[in-house]
Amino acid sequence: MIKFSIVTISYNQASFLRDCIESVLSQNYKHFEYIVVDPGSVDGSRDIIDSYGGRIEKIYDKDCGPADGLRKGFEKATGDVFLYLNSDDMLEPDALNVFLKYLEEIDVLTVSAIIHGACKIINSCGIVDRVVYSDIFTLGASAYNSAVVIQPSSCFTKVAYEHSPGFNVRNRTNWDDELLVDMVMSGAKTYRINDVISSYRLHSDGITGSGGMASEHKKYNLKKFEKIKGRSWTLYDWLILVAYRLKKHLCNHRQLIDRIVKGPVFGASYEK
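Residues numbered from 1 in each chain as written. Predicted model: local features only at pLDDT ≥ 70, side-chain atom pairs only at ≥ 80, totals over all residues. Heavy atoms only, no water.

Participant: I keep staring at the side chain of Ser199 and nothing clicks. Help me out?
Facilitator: Positionally, Ser199 belongs in strand β9 (residues 189-201). Take Ser199: its relative accessible area is 6%, and that puts it in the buried class. Residues in contact with Ser199, not counting those within four places in the same chain, are Asp89, Met90, Glu92, Lys120 and Ile122. (Helix = DSSP H or I, 4+ residues; strand = E, 2+ residues; numbered from the N terminus. Buried < 20%, exposed > 50% of the residue type's maximum accessible area, 1.4 Å probe, protein only. Contact = heavy atoms within 4.5 Å.)

Participant: How should the packing of aromatic side chains be read in this particular structure?
Facilitator: Two numbers describe a pair of aromatic rings. These are the distance of the centres and the angle of the planes. Under the counting rule described, the total for this entry stands at 17 aromatic pairs. Ring geometry for Phe4 against Tyr29: centres 5.7 Å apart, planes inclined by 85°, an arrangement best described as edge-to-face. Of this pair, Phe4 sits in strand β1 (residues 4-9) while Tyr29 is found in the loop between α1 (14-25) and β2 (32-37), placing the two residues 25 residues apart along the sequence. Tyr29 matches Phe4 in its accessibility class, with the two residues each being buried. With centroids separated by 5.5 Å and ring planes inclined at 50°, the aromatic side chains of Phe74 and Tyr161 adopt a geometry described as tilted. Of the two residues, Phe74 sits in helix α3 (residues 66-76) while Tyr161 sits in helix α6 (residues 158-162), which places them 87 residues apart along the sequence. We note that Phe74, like Tyr161, is buried. Seen from the ring of Tyr60, Arg46 lies directly overhead, with NZ or CZ sitting 4.1 Å from the centre. (Phe/Tyr/Trp six-rings, centres within 6.5 Å; stacked < 30°, edge-to-face > 60°. Lys NZ or Arg CZ within 6 Å of the ring centre and 35° of its normal.)

Participant: Mind showing me how you'd approach the pattern of salt bridges here?
Facilitator: A side chain with one charge can pair with a side chain of the opposite charge if their charged atoms come near. Here the structure, examined in full by the defined rule, presents 15 salt bridges. Across the pair Lys224 and Asp177 runs a salt bridge, and its minimum N-O distance is 3.0 Å. Here Lys224, found in helix α9 (residues 214-229), pairs with Asp177, found in helix α7 (residues 175-185); they are 47 residues apart in sequence, far enough to count as distant. You'll find Lys224 and Asp177 in the same group, each marked buried. The partner of Lys219 in a salt bridge is Glu216, with the nearest N and O atoms 3.6 Å apart. Here Lys219 and its partner Glu216 are both found in helix α9, 3 residues apart, which amounts to about one turn of the helix. (Salt bridge = Lys/Arg side-chain N within 4 Å of Asp/Glu carboxyl O.)

Participant: Help me understand the environment of Val36 in this model?
Facilitator: Note that Val36 resides in strand β2. Residue Val36 is classed as buried on the basis of its relative accessible area, which comes to 0%. For the pair Val36 and Glu57, spaced 21 residues apart in sequence, the C-alpha separation works out to 6.3 Å.

Participant: How do you make sense of the pairing of strand β6 (residues 113-122) when you look at a structure like this?
Facilitator: Along any regular strand the residues' side chains alternate between the sheet's two faces. Within β6, 9 of the 10 residues are buried, which leaves it mostly tucked inside the rest of the structure. Two strands pair when backbone bridges link them, and β6 and β9 are joined in this way by 9 bridges, in the parallel orientation. The residue of β9 that forms the bridge with Cys119 is Ser198. Of the strand pairs in this sheet, β6 and strand β8 (residues 154-157) are connected by 3 bridges, and their pairing is antiparallel. Bridge pairing in β8 links His116 to Ser154. Pairing of β6 with strand β7 (residues 128-132), which is carried by 4 bridges, proceeds in the antiparallel orientation. Bridge pairing links Lys120 to Val131 in β7. Linking β6 back to β7 in an antiparallel pair, the connection comprises 5 residues, with Gly126 at a positive phi of about 85°. (Pairing = 2+ DSSP bridges.)

The values reported here are purely geometric and, on their own, carry no functional implication.
Below, the structure is given as structure tokens:
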């Protein structure tokens, strides 16, 4: 029986944390362990975590940021398949069963694989704005920032994680994307599915929802390009980027329609 290891990083988001925890513990598939990492919340988050007793494995050590917290969480993990979500996100009730349907087609103990699905975009009140679908992921598309993978709607085999360098603890903005790139560069295969796995919350206190650290994202994207392509960005690459963006939108037409009708995802309402 396939065992999942689920890690949540928690830091001062008590208003959303219980919804996140309940979404994991109420999964219809029960063969999983749940690890919550909290380096020092002071808003009552730890009281919420402690209220679940032994149903949650807790790591209360100080860390060097979110990527380091995830690294600590997965060091403790004993499952065959890993996934993680932030304390303001939620899993759909049948998320693990959906993953299992696809995982049963591969040997999770030996195959380096990543499965990524769709999510609901919700605001601070839990109101759904739209459904967002992961793109088909290739290293070429990722180099041109044209392959969005929904992180809380993704899982990967332990083999994929162990064959990669793991989380880069110095990365404070795109640790999820860097891990994905590193796993694929280390031989992992990606599988896109259209099932809705999670709810991804945009709100004013979140890094994504706030729109902060834009310059750091740009720096990361340039470094990622150089890592994948082995060279620096040139003017010619702007033409290639346009081609990749066109392909991205044509292959993900449902998202393109939503973008035309409702505007960009990160233009959605997330105010409290």
